[in-house]
Amino acid sequence: MEFSFDLLLEAVVFGVLLGCFYAAVSIGLSVSFGLLDVPHVAHPALIVFGSYCTWFVARYGLDPILAGVVLMPLFFLLGVAIYRFYYETFEKRGTEAGVRGIAFFFGVALIIEVGLILIFGVDQRTVEAAYIGKSLELGDMRIPLRFLVAFGVAVVLMAGLTLYLAKTFTGRAIKAVAQDEPALRLMGADPVRIKQWAFGIATATASLAGALLIVIGPVDPGLDRTYIGRTFSVVVLAGLGSMTGTLAAGLILGITESIVLMQFGASWAPAVAFGLLLLVLGVRPQGLFGR
Amino acid sequence: MKFWISCAIALGGAIALAAILKNEYFFFAGYTVLMFIVLATAWNILGGYAGYVNFGTPAFFGLGAYTAAVLFKAFELPLALQIVAAATMSGLLGLGAGLLTLRLRGIFFAIATIALVVIMETLFINWRYAGGATGLQLLRPPPTAPFESYIKMLFVVMAALAVIAVAIARYIETSWLGRGLRAIRDSEEAAEASGVPTLKLKVFACTVSGALMGVAGAPMPMYLSFIEPASTFNLNYAIGALASPMIGGTAHYIGPVLGAILLASFQQIVTVTISNEVNVLVVGVMLVVFVVAAPDGILGLLKKIPWKRS
Amino acid sequence: MEALLKVREVSKHFGGFTALSQVSLEIGRGERFGLIGPNGSGKTTLINCISGALRNDGGSIEFDGAEISSLPAYQRTRRGIARSFQIPRPFTSMSVLENLVVPLEYVQHRGTLHIADTRAEALEILRTVGLQDKAQTQSNRLTQVELRKLELARAMAARPRLLISDESMAGLSGNEVDEVLAILRTLNEAGITIIMIEHIMQAVMRFSQRVVCLDAGRIICEGTPEAIVKNPDVQRAYLGA
């Protein structure tokens, strides 16, 4: 095992870029699972769905990231519909995150994945843009431009969402409903409508996350399985409900994965996210900043 | 008593079919159906009775298969001992995973089980003795007398395993163990306050469930004369093990059997005639439909029909 | 009366929020003890720490001379502490009778692996609370009142020495409150120590020999019901400054 400082530095830089991307991809789950307690195992599948929608729209000449943004309102409505259905069918009757709720989202994820295969086939899809294919040279390092772009958009997305939750009335109501639903009810606000809104936002982020995903690399319908480990390990490591934690956790995952990739090769990389998840669950299940 | 008679009939029927039927395709298909009965029954012990969803069936199944394969390669161990070893290894995996994650809420356990699959698969991809990513070829020994065909023997072996699995599930379900598990599923806090050792019971259920899944996987390497990671740790096992009880009915040991027969048969037909993707799509839709509209499964629907007129 | 339960300097934090702060109290054998306090004062948290649903962060809890803070809840139940839940949590897939069979099997009869005639015992307990006619009804079909009685019955089925009744009377009518009080009195007369958490003041005052008032995680007053009612701190806690 050779140890090279330059390689390590490159791995860390790469890891930071990747980690921010992972955080942005997971932030929707931080809201839907971390704050709203919905066992949303279909979140990665929705992201991949977002990637394919981006691909579809981008074929008409639109920049992929712009396509992701344009699709956000549609995904918002989709999220509202999903939550409403979930609430009426499960939460209202008290079974919540029980077997049925989890099985429901598992079924939805399956349907999305297989649906994508049936419509688009198993081949990988990519998009084209001005920043895809070029690299930036920084000293000895060559950083692919698309990673920098994804990093930038990820930062904007996370900053935007964190500000929204902290500063706006609805945003604060969302955080409140996670902590103290009865109090919110007493204030006259309808918790269900707030949760619906929050889930819509979480799903909207999946659209942009999907766009980033297909910018960073090729996408195929089975990709949701890789990302279920990454998103859940980020959200759990962060601590349920912590937005800043999501960034920290994403960075930890990104850097760890990058270093493992460098030292041990690609065949060990998929296990990193899951290994991290099991470690957190075993040692400190409330995560870094858990409530 | 009725139960044991049914078991004897089922097993006897399997042996009779093996003696009479000549077309081997039936036994290949039958083996798969019986295997899913074992997987579904095993899944239901933790998922249906205790309410903890396991997405990681392939981890336990695959570990059982690889245990059998490796022991066969190293010591030419006979099938019966392979099965026992597989049960032990997968049982230990269930015990370990359970102790680590069953203290947490159900959804965390579910996600952790996905982690198990990836970790197991990664381990075996990187283990050259077990064939690594390319896999291991195995030469089948001749079938033990009185069987003339190896596949017929495996068919009867799997039928016996199915009977054992269902008998174990039935024992747990009808005993004080089952009541404790149901209490955990209905309200874990109240169960704990009522003196139920919730962690111990959950870990017990996870261990038994894992062991049975390992047992289902043990004959697989002999069935295929080959083993490799991608198909062994395949998502289809996770889907089949979860969807069969949820569709058949989780409250009674017959539910997983019904569901498995339905889904495995359906899978055989559709995968061959149309495609595997359409099969998964239909299963996915059925899962969602049943979870939403018929939470007690087919058994629940059957109960609602007024069979007796009084 | 020697102390059955000794709570010493118990604290509980949730992140930055302190729910209990160095709470100490002693409850004697056979005592009827009332616990009052405004919403959010920490009553249920204290009960959860005693019953084992939560682990206390500081201090010690002694039951019958033995330290129990590190024991899981089910072991505390087996040692003789039972509690009912503020929001009823029945075993919804089971009948009313079966709900009681669970604690009977797991607390009482665990020495014998095979089911003793727990059903007859369960029926007896149902008779005491007046639910015997609903024995075969599935527990998710009960009315609110019946659910609260089931909660009590289930706690009784654990044959406790200390029974904690967490707002068993919330939402009950005057007659129903009397019914539940009568049940608790009978249990107390049979030697069971009872801690009652209630908002219905007249119930607490009629029933308890001693009352403790919590506010913001601390004990602000302890004494006889008459003394508590007159205490200005208590009045301030309930009515605001």
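Model, not experiment: these values are computed from the prediction.

A. Looking closely at the overall build of chain C. Tallying secondary structure elements over chain C gives nine helices and 10 strands in all. Against the globule reference of 18 Å for 241 residues, chain C gives a C-alpha radius of gyration of 18 Å, in line with a compact fold. For chain C, the spread of C-alpha atoms along the three principal axes comes to 50 × 40 × 35 Å. Among the 241 residues that make up chain C, the fraction classed as buried is 56%. For chain C, the exposed surface amounts to about 10200 Å²; the carbon and sulfur share of it is 49%.

B. Spatial organisation of the sheet that holds strand β4 (residues 58-63) of chain C. Residue and element names in this part refer to chain C. Read across the open sheet, the four strands follow the order β2-β1-β4-β5; overall the sheet is antiparallel. The strands lining the two open edges of the sheet, one partner per strand, are β2 (17-28) and β5 (66-67). Relative to β4, strand β1 (residues 3-14) runs antiparallel, the two sharing five bridges. The partner of L5 across the bridge, within β4, is F63.

C. Up close: the packing of helix α2 (residues 25-49) of chain B against helix α12 (residues 235-248) of chain B. All names here are of chain B. As a packed pair, α2 and α12 sit with axes 8 Å apart at the nearest point and diverge in direction by 70 degrees. It follows from the interaxial angle that α2 and α12 lie roughly perpendicular. Along this stretch, α2 crosses α12, giving a crossing that reads as right-handed. Judged by residue contacts, M35, F36, L39, A40, W43 and N44 of α2 engage N236, Y237, G240, A241, L242, S244, P245 and M246 from α12. For the contact of α2 with α12, the class distribution of residues is 10 nonpolar, four polar and no charged.

D. Up close: the side chain of N54 of chain B. All names here are of chain B. Examined against the element boundaries, N54 turns out to sit in the loop between α2 and α3 (57-75). Polar side-chain contacts of N54 include one of 2.6 Å to the backbone nitrogen of G56. Residues contacting N54, with those up to four places away along its chain left out, are W43, F60, F109, T113, M213 and L242.

E. Structural detail: the interface of chain C and chain B. Tallying the contact residues gives 25 residues for chain C and 20 residues for chain B. Buried surface at the junction of chain C and chain B, summed over both partners, amounts to about 2000 Å²; 57% is from carbon and sulfur atoms. Inspection of the region where chain C meets chain B yields four salt bridges. Our count for the contact surface shared by chain C and chain B stands at 13 residue pairs in polar contact (both at pLDDT 80 or more). Of all elements in the fold, only α2 (73-79) and α3 (96-108) of chain C reach the threshold of two or more residues within the side of chain C that touches chain B. Of the residues forming the side of chain C that touches chain B, the biggest block, seven residues, is contributed by α3 of chain C. Tallied by class, residues from the side of chain C that touches chain B come to 15 nonpolar, three polar and seven charged.

Thresholds, definitions, all that
Residues numbered from 1 in each chain as written. Chains lettered and ligands numbered in written order. Predicted model: local features only at pLDDT ≥ 70, side-chain atom pairs only at ≥ 80, totals over all residues. Heavy atoms only, no water. Helix = DSSP H or I, 4+ residues; strand = E, 2+ residues; numbered from the N terminus. Rg over C-alpha atoms; globule rule 2.2 N^0.38 Å. Buried < 20%, exposed > 50% of the residue type's maximum accessible area, 1.4 Å probe, protein only. Areas by Shrake-Rupley, 256 points an atom, 1.4 Å probe, with all protein chains shown as cover. Pairing = 2+ DSSP bridges. Axes fitted to C-alpha atoms, helices over the stretch in contact; angles between N-to-C directions. Parallel < 35°, antiparallel > 145°, perpendicular 65-115°, else oblique. Left-handed = near helix turned anticlockwise from the far one by under 90°. Contact = heavy atoms within 4.5 Å. Nonpolar A, V, L, I, M, F, W, Y, C, P; charged D, E, K, R; others polar. Polar contact = N/O pair within 3.5 Å; in protein donor to acceptor, adjacent residues only side chain to side chain. Buried area = accessible area lost by both parts, 1.4 Å probe. Salt bridge = Lys/Arg side-chain N within 4 Å of Asp/Glu carboxyl O.

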